[in-house]
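If you want the building blocks of each chain, they are given just below.
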Protein chains: 2
Amino acid sequence: MQVTSEQRLDGGAFERAFTLGEIPGFLWTPGSASASAPSPLVLLGHPGGLHTMYPRLAARARRCVAQGFAAATIELPGSGERPRLASAEQARADLRRAIQAGQPVGDDIVDRLILPLVDKAVPEWRVTVDALLSLPEIGGPVGYAGGVIAIGVRLAVVEPRIAAAVLFAGSFVPRATFEEAQQVTIPLLVLLQWDDEGNDRQSALELFDAFGSKEKTLHANMGGHTGVPQFEGDDGDRFFVRHLR
Amino acid sequence: MQVTSEQRLDGGAFERAFTLGEIPGFLWTPGSASASAPSPLVLLGHPGGLHTMYPRLAARARRCVAQGFAAATIELPGSGERPRLASAEQARADLRRAIQAGQPVGDDIVDRLILPLVDKAVPEWRVTVDALLSLPEIGGPVGYAGGVIAIGVRLAVVEPRIAAAVLFAGSFVPRATFEEAQQVTIPLLVLLQWDDEGNDRQSALELFDAFGSKEKTLHANMGGHTGVPQFEGDDGDRFFVRHLR
């Protein structure tokens, strides 16, 4: 892990931009001076495009840091300045065509769009966790917060260091993810934007039902994709405080 | 309104048992000594049977009082020591027969069970609000928290002093309630126990969808009817703090 730049943000969070091999990412910590014990870590998931997503990710990171957590994110495979994934690009073109033609988006397109991304992103997240937990200022447990939900589900199944997750319900969930969801046992908070046009509500409710976790909570609100109310952000903070401290 | 007994509870809430005509009820306030400005009021709804429900109602009332709110509840028509409602008793017997015979509970039974109760309970709640708001230590705005959801919906539609409501999703919702729900415009927090056997989940989701409110939130959790997690109770408190203060 190579730190490429660092800065102290307003409010005290210490931000490091890094690369891990070819993968760019960010790490935010409460700051080496103030950290007495190693901080739990929250991984911030997103739909790809670190540059575009930076303001929202940094805002979420500051909230994590305010709770005494470290937060980190990495670029998704095929997004931002990373080389495109040929298979996903083809699926994305097919998706666009289907939507423009007013046709339903078939499971086949969803699988080709999402599954290669999950297969590639999850090992990258795990290597990132290895690297971050090797830093003295970061300890376990680890939480995952955000989309892509299929990535969050796979991580929750295969990565035992993930102790709790806040998942943002979104569309384009492969059928395989519904089956993997049954194997998830960690506490979950699932956020659903009830009236999000880009979101298949029924599919989100089915996925919530499928999760094997004994402790799972669904919080649904009005408004579009980026309209999650402030009070639900606060609730996500409290969820991690309950499960990562 | 006639106070029949009063006591100071552990934690400082001041409890008054009262009767309003033939209707018994309870009022909890932060206590006359400490109250500087009139307190907002939270009406605590319940499925009937004040005596049985008292421990849970008193616990919820203490939380309201801790936020600086007054809380009050009254016995439902036909419950506890109040005279039975003949129509509802007949419907209840039909309901029991249908369930024992493994038959679906028809809309007709639900209507006969719930609608007369709503028609009678809602004016009683309104008279109670009149009486309580005439006390110097209680001011507006007023919130409603609890079941029976059809009563909460009707109150939210007809009683302009109700500014926000926390509704507990339950079964046996008359079709008319779905239509009334469209006229509700106040902020809502709907609590749904996802795996409650006594609860028709699909119907609860439809009702949530039907509400006309621009600000409505659904919080779903695992566990049975009385298993609402502590953190959702905390969220209900914060909801009222946002909307009643």
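Residues numbered from 1 in each chain as written. Chains lettered and ligands numbered in written order. Predicted model: local features only at pLDDT ≥ 70, side-chain atom pairs only at ≥ 80, totals over all residues.

### Some remarks on unusual backbone geometry
Excluding glycine, a negative phi dihedral is what most residues carry, and trans is how most peptide bonds are arranged. Residue and element names in this part refer to chain A. Our working rule: The secondary structure listing takes helices from DSSP runs of H or I that are at least 4 residues long and strands from runs of E that are at least 2 residues long, numbered from the N terminus.
Of note, the amide linkage connecting Gly 140 to Pro 141 takes the cis form, showing an omega dihedral of -15 degrees. As for its position among the elements, Pro 141 is in strand β6 (residues 138-146). Omega for the bond connecting Gly 147 with Val 148 falls within 30 degrees of zero, at -20 degrees, which places this linkage in the cis form. Relative to the helices and strands, Val 148 resides in the loop between β6 and α4 (149-158).

### Considerations on the interface of chain A and chain B
Using the following cut-off: Contact between residues is assigned whenever the C-beta positions, reconstructed from backbone atoms, fall within 7 Å. Note on residue classes: Ala, Val, Leu, Ile, Met, Phe, Trp, Tyr, Cys and Pro are nonpolar, Asp, Glu, Lys and Arg are charged, and everything else, Gly too, is polar.
Chain A puts 14 residues into the contact, and the matching count from chain B is 14 residues. Secondary-structure elements contributing two or more residues to the side of chain A that touches chain B are β9 (216-221) and α7 (230-244) of chain A. Ranked by the residues each element gives to the side of chain A that touches chain B, the list is headed by β9 of chain A, at six residues. Class assignment for the residues of the side of chain A that touches chain B results in five nonpolar, three polar and six charged.

### Some thoughts on the relation of the copies chain A and chain B
For the pair of chain copies, the relating operation is a rotation around an axis with a shift along it. Our working rule: The copies are overlaid by a least-squares fit using only the C-alpha atoms of residues whose pLDDT is at least 70 in both copies.
Turning chain A through 180 degrees and shifting it by 0.0 Å along the axis lays it on chain B, with an RMSD of 0.0 Å. On this basis, the relationship between the two copies can be described by a two-fold rotation axis. Of the C-alpha atoms belonging to chain A, the one lying closest to the rotation axis is found on His 219 of chain A, 2.3 Å away. A symmetric contact is evident, with 100% of the interface residues of chain A recurring at the interface of chain B.

### Thoughts on the packing of helix α3 (residues 107-133) of chain B against helix α4 (residues 149-158) of chain B
To describe two helices that pack against each other, one gives the angle between their axes and the distance between the axes. Residue and element names in this part refer to chain B. The criterion, for reference: Where helices are involved, their axes are fitted lines through C-alpha atoms of the stretch in contact, as for all axes, and angles between N-to-C directions lie from 0 to 180°. With respect to orientation, any angle under 35 degrees is reported as roughly parallel, any angle over 145 as roughly antiparallel, any angle of 65 to 115 as roughly perpendicular, and every other angle as oblique. With the far helix as reference, a near helix turned anticlockwise by less than a right angle produces a left-handed crossing, and one turned clockwise produces a right-handed crossing.
In contact at an axis separation of 9 Å, α3 and α4 are set at 50 degrees when each is read in the N-to-C sense. Classified by the interaxial angle, the pair formed by α3 and α4 is oblique. For the crossing formed where α3 meets α4, the hand is right-handed. On α4, the residues that touch Ile 114, Val 118, Ala 121, Val 122 and Trp 125 of α3 are Ala 150, Ile 151, Arg 154, Leu 155 and Val 158.

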